[in-house]
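Structural description and commentary
The chain contents come next:
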Amino acid sequence: MEIPDALVDLLRRNAARTEADRRVAEENITALREAGLFRLLVPERFGGRQASMRTLVEVGSELGRGCGSTAWTTSLINIAAWLVGLYPERAQREVYGADPHALACTALPPSATSKAADGGQVVTGRWGFVSGCLHAEWALLGMPVTGESGEQLDQGLALVPMNQLTIEDTWHVVGMRGTGSNTLVADDVFVPSYRILSVSRAREGEYATEFKDESLYRAAFIPVLALSLVGPQLGLARGGLEWVLASLEKGRGISHTFYTEARAASSTQMQLAEAAQLIDTAALHLMRAADDVDRWAADGRRMPLSRRARVRMDTATVALRSRQALDILLGMEGARSFTETNPLQRIWRDQETASRHAMLNPASVTELYGRALLGIEEQISPLI
């Protein structure tokens, strides 16, 4: 999907303000709404684009060139829209019927308690790191589903209006500050059964939507969630490369050497090539993973464990290679990279933070993929 350069430039100009305010600049939100970039994964039935995972990661990687926090927030809001598309039509209409432009946010871990009630569950809990919550009208929140005796029957994802929740200002971090990923709190909130998605069934590819012909909403659950995290990280690395190239074009030298132009040094050329190749490697893994998820969904077949594990490995590779590329670029720029006015240090902090998301842990994901390759049934995580 083509993203106008003017939009990326806008995000770049507002990146420092987004970080300082610890929320995406409203000018960015308005521009993204007008461009339809919060509706990539909303069903066409409600006026959305109903695009693809390939489109999602392409958009994320383009927006990330301008502002990592804005790109991350956009990607996570879109993935919440995809999750809404998995619910029964009745729930979908509650979200989009009155406001086709409604936005949602999500937190998958079941950080709550619940008790059975007539027609649903009463939920109390706290959910941290909820990206996009400052701009959302709905939230999707992980919860246990319990029986009348209090026993846990399932793990669910509750769809809750934001006006039934409170936001605690807890997002005080060194990177991705602008995402405003604060904590949501629910106190005895009733959630009807049709607004509770079974996470255990979703992991098996069983979704509640009645529209089985919509291939986008047949995509593999955990691979989709993992993909949503890495498009912006590729964008951050690309943005860092663009910054360093622009710096080299200004004709600066290399301190404590005879090089009056750093671009003339073989060390500069080799490091630049290595960083660019790492970014290209990240892009290849990202697009392969997105295309794989889209292809299996279009075919109407459940993605096998080996492919789902490979997608997890691909996404971790995107994060790791993007991080490695930025490390090289920082070294090329030297100590000047860390002046507060240099955007490269913000890009670096954003990348260092985003790439540490638990779902992208390279050690865990590598073990997970290795077990899948060996056909070992016992896995280290249900999130495959």
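In this report, the structure presented in the accompanying data block is examined. From a predicted model like this one, the values you see are computed outputs, not experimental measurements.

Before going further, it helps to examine the overall build of the protein chain. Broken down by element type, the protein chain carries 12 helices and 8 strands. Taking 2.2 N^0.38 as the reference for a compact globule, 384 residues should give roughly 21 Å; the C-alpha atoms of the protein chain span a radius of gyration of 21 Å, in line with that estimate. Projected onto its principal axes, the C-alpha positions of the protein chain cover 80 × 50 × 35 Å. Counting only residues that meet the buried cut, the protein chain has 56% of its 384 residues in that class. Sequence-distant contacts, at least 24 apart, represent 72% of the contacts inside the protein chain between residues at least 6 apart. When the accessible surface of the protein chain is summed, it comes to about 16400 Å², and 51% of that surface belongs to carbon and sulfur atoms. Between the mean site of the 40 positive side-chain charges and the mean site of the 46 negative ones, the protein chain shows a separation of 3 Å.

What follows covers the packing of helix H8 (residues 231-249) against helix H10 (residues 305-333). Put simply, H8 and H10 touch, their axes get as near as 9 Å, and they point 20° apart. Between H8 and H10, the angle falls in the class roughly parallel. Along this stretch, H8 crosses H10, giving a crossing that reads as left-handed. Where H8 approaches H10, its residues Gln 233, Leu 234, Leu 236, Ala 237, Gly 240, Leu 241, Trp 243, Val 244, Ser 247 and Leu 248 are matched on the opposing element by Val 318, Ala 319, Ser 322, Leu 326, Leu 329, Met 332 and Glu 333. Its residues assigned to classes, the contact of H8 with H10 comprises 12 nonpolar, 4 polar and 1 charged.

Counted according to the given criterion, the structure contains 6 aromatic pairs. Ring centres of Trp 82 and Tyr 207 lie 6.2 Å apart, and the angle between their planes is 85°; on these two criteria the pair is classed as edge-to-face. In this pair, Trp 82 is assigned in helix H4 (residues 68-84) and Tyr 207 in the loop between helix H6 (199-203) and helix H7 (221-227), connecting sequence segments 125 residues apart. Overall, Trp 82 belongs to the buried group, its relative accessible area being 0%. Tyr 207 sits in the buried class, given a relative accessible area of 9%. A centroid spacing of 5.3 Å and a plane angle of 90° characterise the contact between Phe 338 and Trp 348, whose relative ring orientation is edge-to-face. Here Phe 338 is found in the loop between H10 and helix H11 (343-354), whereas its partner Trp 348 is found in helix H11, with 10 residues between them in sequence. Taking relative accessible area as the criterion, Phe 338 reaches 45% and is therefore assigned partly exposed. Accessibility expressed as a relative area gives 26% for Trp 348, which makes it partly exposed.

About the criteria used
- Residues numbered from 1 in each chain as written.
- Predicted model: local features only at pLDDT ≥ 70, side-chain atom pairs only at ≥ 80, totals over all residues.
- Heavy atoms only, no water.
- Helix = DSSP H or I, 4+ residues; strand = E, 2+ residues; numbered from the N terminus.
- Rg over C-alpha atoms; globule rule 2.2 N^0.38 Å.
- Buried < 20%, exposed > 50% of the residue type's maximum accessible area, 1.4 Å probe, protein only.
- Contact = heavy atoms within 4.5 Å.
- Areas by Shrake-Rupley, 256 points an atom, 1.4 Å probe, with all protein chains shown as cover.
- Lys, Arg positive; Asp, Glu negative; His and termini not counted.
- Charge placed at Lys NZ, Arg CZ, Asp CG, Glu CD.
- Axes fitted to C-alpha atoms, helices over the stretch in contact; angles between N-to-C directions.
- Parallel < 35°, antiparallel > 145°, perpendicular 65-115°, else oblique.
- Left-handed = near helix turned anticlockwise from the far one by under 90°.
- Nonpolar A, V, L, I, M, F, W, Y, C, P; charged D, E, K, R; others polar.
- Phe/Tyr/Trp six-rings, centres within 6.5 Å; stacked < 30°, edge-to-face > 60°.

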